[in-house]
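Summary of structural features
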Amino acid sequence: MVATQSGLAKRCWIGPNVGSGNSAKSSYLAPNMGEKAQNQQNQGKNTKSAISPTREENFPEWYQQVIKAADLAENSEVRGCMVIKPWGYGIWENIQRQLDQMFKETGHKNAYFPLLIPLSYLEKEAEHAEGFATECAVVTHHRLRAEKDETGKTRLIPEGKLSEPFVIRPTSETIIGATFARWVQSYRDLPLLINQWANVMRWEMRPRLFLRTAEFLWQEGHTAHETREEAITEMELILGVYEKFARDHLAIPVVTGAKSENERFPGADETLCIEAMVQDRKAIQAGTSHFLGQNFSKASGINFIGRDGKSEHAWTTSWGVSTRLIGTLIMAHGDDDGIIVPPRIAPSQIVILPITPKEDSKDSVLDASQALAKMLRQQEFHGESIRVEVDTRDLNGGVKNWEWIKKGVPLRIEIGPRDIESRKVAVTRRDRGPKDKEFIPKEDFIRSVSERLQDVQDNLLERARAFRDANIVRIDTREAFDAFFTPRNPNQPEIHGGFALCHWAGSNEDEEQIQKDLKVTIRCIPFGDEFAEEGTCFYTGKPSNRRVFFAKSY
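Here, residues in each chain are numbered from 1, in the same order as that chain's written sequence. Only residues with pLDDT of 70 or above have their local features reported here, since the model is predicted, and side-chain atom pairs are shown and tallied only from 80 upward, although totals for entire chains, interfaces and linings are computed over all residues. Excluding hydrogens and water, the side-chain values take into account all heavy atoms of the structure.

1. Comments concerning helix H8 (residues 173-183)
Between buried and exposed lies partly exposed: a residue is buried under 20% and exposed over 50% of the maximum accessible area for its type, with that area taken using a 1.4 Å probe on protein chains only. Starting at the N terminus, helices and strands are each numbered in turn, a helix being any DSSP run of H or I of at least four residues and a strand any DSSP run of E of at least two. With nine of eleven residues buried, H8 lies mostly within the body of the structure. For H8, the complete set of buried residues consists of Glu173, Thr174, Ile175, Ile176, Gly177, Ala178, Thr179, Phe180 and Ala181.

2. Observations regarding the sheet that holds strand E4 (residues 116-118)
Within a sheet, adjacent strands bond to each other through the backbone by hydrogen bonds, running parallel or antiparallel. Strands qualify as paired when DSSP identifies two bridges or more between them. Read across the sheet, three strands follow the order E4-E6-E5 without closing on themselves; strand pairing throughout is antiparallel. Lying at the two open borders of the sheet, with one neighbouring strand each, are E4 and strand E5 (138-148). Mean inter-strand twist for the sheet, computed between neighbouring axes without regard to direction, equals 35 degrees. Sheet topology places E5 next to strand E6 (residues 154-168); nine bridges connect them, and they run antiparallel. By the bridge assignment for E6, Val138 is matched with Val167. Inter-axis angles, ranging from 0 to 180 degrees, are taken between N-to-C directions of lines fitted to C-alpha atoms, where helices are fitted over the stretch in contact.

3. What to know about empty space enclosed by the protein
Left-over empty space is what a probe sized like a water molecule reveals as it rolls over the atoms. Using only the protein atoms, space was sampled on a 1 Å grid; points where a 1.4 Å probe fits but cannot get out form cavities, open sets with protein on both sides within 12 Å along at least five of seven lines form pockets, and lining residues are those with an atom within 4 Å of a point. Grid points are joined across faces, edges and corners, and a volume is the space filled by probe spheres set on the points. Evaluated as defined, the whole model comprises five cavities of 30 Å³ or more. Roughly 70 Å³ of volume is contained in the largest cavity. Taken together, Glu173, Ile176, Gly177, Phe180, His222, Thr223, Leu292, Phe296, Ile302, Thr316 and Thr317 form the lining of the largest cavity. The set of elements that each furnish at least two residues to the lining of the largest cavity consists of H8, strand E8 (215-225) and strand E14 (315-322). Note that Gly is not counted as nonpolar here; it falls among the polar residues with everything else outside the nonpolar set of Ala, Val, Leu, Ile, Met, Phe, Trp, Tyr, Cys and Pro and the charged set of Asp, Glu, Lys and Arg. Taken together, the residues of the lining of the largest cavity sort by class into five nonpolar, five polar and one charged.

4. A few points about unusual backbone geometry
For the bond running from Ser52 to Pro53, omega is 0 degrees, close enough to zero to count as cis. Note on placement: Pro53 falls in the loop between helix H3 (34-41) and helix H4 (59-69). The omega torsion across Leu190 and Pro191 is 0 degrees, close enough to zero to call that bond cis. As for its position among the elements, Pro191 is in the loop between H8 and strand E7 (192-201).

5. Thoughts on the confidence of the model for the chain
Confidence in the prediction for the chain averages 91 pLDDT; 91% of positions are at 70 or higher. Segment residues 1-46: pLDDT under 50, and 102 contacts once partners within four positions in sequence are set aside and those in other chains are kept. The predictor rates its confidence in each residue with pLDDT, a number between 0 and 100. Every residue pair with non-hydrogen atoms within 4.5 Å of one another is taken to be in contact.

6. Notes on H4
Two residues of an α-helix separated by three or four positions point the same way, owing to the 3.6 residues in each turn. Within H4 the residues assigned to the buried category are Phe59, Trp62, Tyr63, Val66 and Ile67. Down the axis, H4 shows its buried residues gathered within 135 degrees of arc, on one side only. As for H4, its buried residues are in contact with strand E1 (73-75) and helix H11 (324-333). Within 3.5 Å is the distance limit for a polar contact, defined as a pair of N or O atoms, with the added protein rule that one can donate a hydrogen and the other accept it, and that residues adjacent in sequence qualify only through two side-chain atoms. Here H4 starts with a cap whose side-chain oxygen sits 3.2 Å from the backbone nitrogen of Glu61, and that cap is Asn58. Once H4 ends, the next one or two residues include Asp71, with phi positive near 60 degrees. Here the arc refers to the set of directions running from the helix axis out to each C-beta atom.

7. Some words on the sheet that holds E7
Taking strand neighbours across the sheet as the criterion, the eleven strands line up as E3-E7-E8-E14-E11-E10-E9-E24-E27-E23-E22 in an open arrangement whose pairing is mixed. Unpaired on one side and paired on the other, strand E3 (109-110) and strand E22 (472-474) mark the two borders of the sheet. Across the sheet, helix H5 (residues 86-105) lies against E3, E7, E8 and E14, angled at about 165 degrees from E7, the strand it touches most.

8. Here we look at the packing of H4 against H11
How two helices sit against one another is set out by the angle between their axes and by the gap between those axes. In contact at an axis separation of 11 Å, H4 and H11 are set at 115 degrees when each is read in the N-to-C sense. Relative to H11, H4 is oriented roughly perpendicular. As H4 packs across H11, the resulting crossing turns out to be right-handed. Residue-level contacts link Phe59, Trp62, Tyr63, Val66 and Ile67 of H4 to Gly327, Ile330 and Met331 of H11. Across the contact of H4 with H11, the residue classes tally to seven nonpolar, one polar and no charged. Roughly parallel means an angle under 35 degrees; roughly antiparallel, over 145; roughly perpendicular, 65 to 115; everything else is oblique. Here a crossing is taken to be left-handed if its near helix is turned anticlockwise relative to the far helix by less than a right angle, and right-handed if that turn runs clockwise.

Set out below in structure tokens:
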């Protein structure tokens, strides 16, 4: 691995303060207490829930029903593509805006590149082309001809065949490489630090909203450097940005490390990743950062005159996260009443629900609600004005309350005539039970609102961290490995497995066989001395000097 010798790489495999003050090693190597953590996550599960089936009954279907109930997205008429609805897109907008600020703080600038990529560009980098060949959508004609059929209906016939087909952007290394080749002439033009926010298309046989769709939204960073060391530092820097964003903004603790050769990005010398555990104990690759060496610069002709006057190839990186983060968020924090959105990325952090039982008090309640919203918007949370919505729709109060529970808004406030009289507000946190209500003096609530939002954010992170750590286990034998990843009843949906931390000295073919047999892959080769120890590979019996993470994944 090219990255493991760096100080940053050693530090960024996990966020600080893991395991409630325990060392990273004791936290990660915890015994399998998955049942206990699951029970904590399922508080109140014996009461009637808003989502059916529950997570325990059928996790994949629960996920689809949460998206529907929270009004996040829906399938479109175009197979494999989704319509992201306002609440779901609002989450993406906050992810985009906050990540974009982090990129700019590290010296990156935004640009935009073509959606259509000449086929010959992909062919320049053979390994890259092979890796994406089966996922590409291809444009072959440049116009349509209208003609009437025998019934008089207009039919559109493709014509004007292109001399060279275009591929709809599956990723942009090749087209951006061609652009960089024009922009870079001298070492003085480097480093080149570019990010693009865009949509991409990769055909999916089994689409699933947010996790795998034919078209999705993402950011892709592309950089060019004078030296190999600078490019590796860039790759590690971005991994650290992703890990920090997942932890501090999404409240998702992640495992970080390097991908195995089988799982590496096509054409990369090295791929680093952040891997999240969700509540069915599977992994989601939530972000990747790639060291491309000189592979793409040679293919695209990114050359520069070095300090010694000689022509050299640039060293490049690429990195990205996508709307898959929203799917990860749902599976990491959701409960049997819907999604729970961490305050930092919630489109609305507070919703005010006016309670208007009588017509003669309606105006005063609405006025009080708007006045409170105005005062709350003057408060800040992480340097931004607090986002408040007043729900004045003419709907039953219980209906509105449950809609917002399912949407996962962090704080719900109810105001009625008696609350105005007592100068109190009824506050309910989404990370607690739906009936766990506090009556707080209005002025106290306004003063403490930022701390209350942060407490929700911190609680979600700690809860997800406890669940993850409880479901990471050491496994040293083939029998234990097979048992860990085999459901007791293969004919019914059943939550099982987790992250297995195993010694590994197998071949690429061995890794492929495990995937074929159990649908389990090496999620990452973690950084840190905690995982470097002498042992025996559970699969081959060969000597091993490091443990790696295995898991089932999305």
